[in-house]
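Structure assessment
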Amino acid sequence: MEKLKHVISSRQFKDPGFLLSLFESAHQMERDDVFHALTDPLRGRILATLFFEPSTRTRFSFEAAMQKLGGGVLTSENAKANSSATKGETISDTVRIVSGYADAIAIRHYEQGAAEAAARISPVPIINAGDGVGEHPTQALADIYTIKKELGRLSGLRVALVGDLLNGRTIHSLLPLLCLYPGVTIDLLSPAQLRLPPLYREFLAERGVAFHEGERLEGVIEQADVAYITRVQSERFVSRQEYDAVKDVYIIDAETANRLKPEAIIMHPLPRVNEISPEVDANTRAAYFKQAKNSLYIRMALLKHLLA
Ligand code: NCD
């Protein structure tokens, strides 16, 4: 696959071979990290993290990734309040300026399409680190990498996606990647108000991917190889009552977790609220903390691909 310029949507990834080479690179990064053998391929390069929405994992893992590769970071962790956005500067102007100081920009924004708009005017690579209810492609890369690492394969898997499928951008980015592998079956489990938007359902249908929609975990998660749980995205609701009505619909406790196949894995992009009880953390199926760690190595591999 030719070199990527920007990473805006996971629909850009059409070649499983490219993903495999990214996974190999991520795995190499992990080995080198563990043995303190990392080299500095990005020495002298700078990544700017321009975050207009809260983040812990995504921003820290991008910044750690850049620094572990020998590069530097410029960070704006609360760009909505602390950047010139408060003075009325447009995102385009901000990106134009920051691209003069940095070699790549990871941007998280509350508006869907913001990263794409930034990419249109940016001379340096733009990485979408979450655009409102749109996408979060680098999380999806970490998710797919985690599945491959934990289960050894991606083809033929049955994947249950659970929770806020309407607003969950990690889901929107994960689906196109799952579609790259033959024989994948997808169960979409959500309350009726939080169903996957038609755009993504059409995408699955066009790709000929088998999917089912439902509300109840019972009878579905017992079949799953991967149960991917998501947080109900409180920040996207117009009223507190609407959020309260759905916030705790799915709770994976020890009893539910044990109904999964022994070799199945439980994933979550994190942060969690009540969707997975802490008692599940000790379950051998819990893969969400590994998933968060894997995101460091996949971001290292991606930054190296974009910048080295
Ligand atoms: C996710 C996000 O920001 O979309 N978090 C993350 O990056 N791991 C998921 C979420 O906030 O629920």
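Just so it is clear, the structure is predicted and the values come from calculations on it, not from any experiment.

**Re unusual backbone geometry**
With an omega of 5°, the peptide bond running from L270 to P271 counts as cis. Inspection of the secondary structure assignment puts P271 in the loop between strand 9 (265–267) and helix 11 (288–307). Look at L270: it is not a glycine, yet its phi comes out positive at around 65°. Among the structural elements, L270 can be located in the loop between strand 9 and helix 11.

**A short note on the domain arrangement of the chain**
According to the domain assignment, the chain contains domain 1 (10–135 + 295–307) and domain 2 (137–292). Put simply, the middle of domain 1 and the middle of domain 2, counted by C-alpha atoms, are 24 Å apart. Taken together, the contacts link 31 residues of domain 1 with 27 residues of domain 2. The junction of domain 1 with domain 2 conceals about 2,500 Å² of combined surface from both sides, 60% of it contributed by carbon and sulfur atoms. Its largest share of buried area at the contact with domain 2, domain 1 owes to R11, F23 and R57, together 24% of the area lost on that side. Counting every contact that joins domain 1 to domain 2 gives 3 salt bridges. Close ionic contact of E53 with R169 constitutes a salt bridge, the shortest N to O distance being 2.9 Å. Across the contact surface, domain 1 and domain 2 share 13 residue pairs in polar contact (both at pLDDT 80 or more). Sorting the residues of the side of domain 1 that touches domain 2 by element identifies helix 1 (16–34), helix 2 (57–68), strand 3 (104–109), strand 4 (126–131) and helix 11 as the ones contributing at least two each. Element by element, the count of residues in the side of domain 1 that touches domain 2 is highest for helix 1, at 8 residues.

Conventions we followed
- Residues numbered from 1 in each chain as written.
- Predicted model: local features only at pLDDT ≥ 70, side-chain atom pairs only at ≥ 80, totals over all residues.
- Heavy atoms only, no water.
- Helix = DSSP H or I, 4+ residues; strand = E, 2+ residues; numbered from the N terminus.
- Domains from an automatic or database assignment.
- Contact = heavy atoms within 4.5 Å.
- Buried area = accessible area lost by both parts, 1.4 Å probe.
- Salt bridge = Lys/Arg side-chain N within 4 Å of Asp/Glu carboxyl O.
- Polar contact = N/O pair within 3.5 Å; in protein donor to acceptor, adjacent residues only side chain to side chain.

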